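# Breakdown of the fold
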Amino acid sequence: MNRDEKPAPKRSKSKDNGRTATGRNVSRGAALRAQKQAVQDANRVASQYLDASSFTQEPDEKAVKKPARGRANVIDDSPRLKIIGLGGMDGGGSKNTMVIEYQNDALVIDCGNDLGVDLPGINYGIADSTYLDQIKHKLKGFVISHGHLDHIGGLPHILPKYPGVPVYGSRFTVSRVEEIFENFGLPMPEGFELKTVAMNEDTHERLKLGEFYIELIRVTHSIPGSNMIVVDTPVGRLINTGDFRLDPNPLDHERTDMDRIKQLSKEGVLLLMSESTSTERPGRTPSESTIEQSFIDIMEAAPGRIFIGLFSTNMNRVQMIVNAAVHHGLKVAMDGRSMISTLEMAVRNGFMKIPKGTFIPIASVANVKNDKVVIVCTGSQGEPNSALVRMSMGEHKHVNLKEQDTVVLSSTPIPESGNDALIGEMVDDLMRKGVHVFRHQTHEIDGVGPLHVSGHSSMDESGELIAAVKPKFFMPIWGSYRTKKRHIDIAIEQGIPRQSCVNVENGEIVTLTKSKIEVHGEVPHGTVLVDQTGATVNTIVVKDRVLLAEEGMVTVVLTVDKKTGGLLTSPDIISRGFIYMKENEELMNDFRAELRRAVQQRYKRVDLDRFKAELKDYVTHFLYERTQRSPIVIPVVNVIGSRSEKANNDLHKANGNGEQQEKSPEEIALEQQRRFAQMRQRLLNQDARVD
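Now for a quick tour of the structure. (Residues numbered from 1 in each chain as written. Predicted model: local features only at pLDDT ≥ 70, side-chain atom pairs only at ≥ 80, totals over all residues. Heavy atoms only, no water.)

Take the layout of surface pockets next. Considered as a void within the structure, the second largest pocket measures approximately 540 Å³ in volume. Looking at the second largest pocket, it is lined by 32 residues, and the ones nearest its centre are P224, D252, E254, G350 and F351. Going through the elements one at a time, α5 (171–182), β8 (196–199) and α8 (315–328) are the ones with two or more residues in the lining of the second largest pocket. The element best represented in the lining of the second largest pocket is α8, accounting for four residues. When the residues that make up the lining of the second largest pocket are grouped by side-chain class, the tally is 10 nonpolar, 15 polar and seven charged. (1 Å grid on protein atoms, 1.4 Å probe; cavity = no way out; pocket = protein on both sides within 12 Å on 5 of 7 lines; lining within 4 Å. Points joined across faces, edges and corners; volume = space filled by probe spheres on them. Helix = DSSP H or I, 4+ residues; strand = E, 2+ residues; numbered from the N terminus. Nonpolar A, V, L, I, M, F, W, Y, C, P; charged D, E, K, R; others polar.)

Pasting the structure below:
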């Protein structure tokens, strides 16, 4: 049986009219309600990712979605600063995109994608840029905090709409941006040229963009070149933390620049916008240095080849592995296009120190003794096409995992991504092969040291940063509603009044003056879905895919004689993802009999469109009564013997006098029957699942 074909429950009709073998007496209304429910369920799944086309409220409409704070009946017409999260203010913090707007100037902070979208044929989602289209004349730049895809992955789709608008970030970050544009699969619009500006965070360089001044502050994260973004506005100073942790001993010695943060605090900070990924994790995030010894110990004890899976951009972790390999005199091979590209950038920009002769090509691994090589690769999240998964399945061009190999997963599942199941399946497959597997989650019972530290701050660090910045107002960002609410609780513990904190969702407009923070209405927002080719996919198409995945599809093809109103051939039934028809012959025989009866009773009594509508309802009722399932039903009715416009034009044949000789109705009918028989045969030959 094909995987997408499900056997129907074997039921036969009882002698009681309308009653199934299960004892159910299913009315036509119940069947149609079941189909409607299936459609609603599909809508509900796909509607998590609606684009802005479903948004009706105008962005400047005065309606207030949430009650504004402050005294009633007081008109404040002073210039206001607007802050709008177009993405990243829900879920685990993804497709992070924020607008800072003041009168005729606007900035975009970050522009990421959402790799956690679980819909058929969808690769990722990006923030809907409808609102940016409305204010494109105001855009002065895209300012990027760091080079992870949830902060830069939307740029190739969105930035080309606004030619001439530059991208600002650290040297490493703009190199990452340039890389994703170079590797993007679709052509850029004619005339578009990527403009990037690398800023120096060590010298506290400040650049003027319209009414704004921007500055980057170095922070520790899991990718080089990570920064907080400072925006000085006519209303006051804003700080967006990006992603960060307060690591006292990072491997690259690039600590979060707390001295500069405290200096800015003394000058005054109006609003702190702080990431909320891990605000439900108590304590502090351990230092990266705590896991260095773990790699040294594993390399010393492992009996064969060592494979280490990690995030492609975690260059600190790669440096740590290189150091441990050099300590033991091992060679290092690397696989995974994104990882190799990031390594090249890190070396080029001075973030990595690789002793000469350490790296060997992945194709040379077979020529090195098993106990003398370490393979660093992507795939720690169990991604189906990653290097580690292909190696585990025997599908890699150069290296395949075997018994007594050791695999180290130096990561944990991305929060709210659903990757746990993928990782679990991969680990099961590895263990079946006799591979030794070490994971951070089980490192204590495996007798090894910790294998991963998060790139995100925990509760104590979040509180420490708030205490250092001392903002007048606080707004948690880049997280789910619950983690942002927890972040507000942390801010209150640090002395920020509750009324000075806001927990907003995507699209909501936060307005700021020097003395007030409010939430006024919302702008068009949503998610645009992108497939494997880089092309966008309409949400309506996705809803159909979800419904097909859940219930399948049945196509009924009827060939009807126009004169008699009877069937010329047995009804053709095509099933996709509904039932395997060869295992349900009784159902198919009954189905064909019902179709014949439907044609006999109704075809000549109503017009063709009405007949097809009735046929669809009739089939839906019959299939639900017999299977308790509601597939998509597509009725196709071919009428043989009718005279189409083309047939009318071909009715005459030239004779010797230039006159036309009309075909007889019998000849026309026979010709149409032959054409339809050929078409039907081509259709039925396309797939063996057609009965």
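Still to come is the rest of the account.
Let us now look at α5. If you check α5, its first and last C-alpha atoms are 17 Å apart, about what 12 residues at 1.5 Å a residue would give, namely 16 Å. Residues of α5 that are buried include every one of F172, T173, V174, S175, R176, V177, E179, I180 and F181, and no others. Of the surrounding secondary structure, the elements contacted by the buried residues of α5 are α3 (149–152), α4 (155–158), β7 (167–170), β8 and α9 (337–348). (Expected span 1.5 Å × (residues − 1). Buried < 20%, exposed > 50% of the residue type's maximum accessible area, 1.4 Å probe, protein only. Contact = heavy atoms within 4.5 Å.)

Below, the discussion takes up the sheet that holds strand β12 (residues 237–240). Strand order in the open sheet made by the six strands is β9-β10-β11-β12-β13-β19, with mixed pairing throughout. Of all strands in the sheet, those bounded by a partner on one side alone are β9 (206–209) and β19 (473–477). Across the sheet, the mean angle from the axis of one strand to that of its neighbour is 20°, orientation sign disregarded. The pairing of strand β11 (residues 227–232) with β12 spans four bridges and is antiparallel. (Pairing = 2+ DSSP bridges. Axes fitted to C-alpha atoms, helices over the stretch in contact; angles between N-to-C directions.)

Tallying each qualifying case throughout the model produces one cavity of 30 Å³ or more. One number sums up the size of the largest cavity: a volume of about 40 Å³. As for the largest cavity, its lining consists of S380, L409, S411, T412, P413, I423, R439 and Q441. Here the lining of the largest cavity is built from residues that sort into three nonpolar, four polar and one charged.

Below, the discussion takes up the nonpolar core. By size, the foremost hydrophobic cluster in this structure holds 34 residues, and its most contacted members are F295, M299, I308, V318, I321, V374 and V376. When contributions to this core are tallied by element, the ones reaching two or more residues are α7 (292–301), β14 (306–309), α8, β15 (331–335), α9 and β16 (373–377). Of the residues forming this core, the biggest block, seven residues, is contributed by α8. L216, V235, V504 and L512 belong to the second largest nonpolar core, which has 33 residues in total. (Core = buried A, V, L, I, M, F, W, Y, C linked by side-chain atoms within 4.5 Å.)

We now examine the environment of E551. Residue placement: E551 occurs in helix α15 (residues 539–551). Along the chain, E551 and S630 lie 79 residues apart, while their C-alpha atoms are 6.1 Å from each other. A polar contact of 3.2 Å, which involves the side chain of E551, links it to the backbone nitrogen of S630. (Polar contact = N/O pair within 3.5 Å; in protein donor to acceptor, adjacent residues only side chain to side chain.)

Orientation of α5 relative to α9, taken along the N-to-C sense of each, is 140°, at an axis distance of 10 Å. Between α5 and α9, the interaxial angle falls into the category oblique. Crossing hand, α5 versus α9: right-handed. Contact with α5, carried on its side by F172, S175, R176 and E179, involves S338, S341, T342, M345 and A346 of α9 and no other residues of that element. A class-by-class count of the residues in the contact of α5 with α9 yields three nonpolar, four polar and two charged. (Parallel < 35°, antiparallel > 145°, perpendicular 65-115°, else oblique. Left-handed = near helix turned anticlockwise from the far one by under 90°.)

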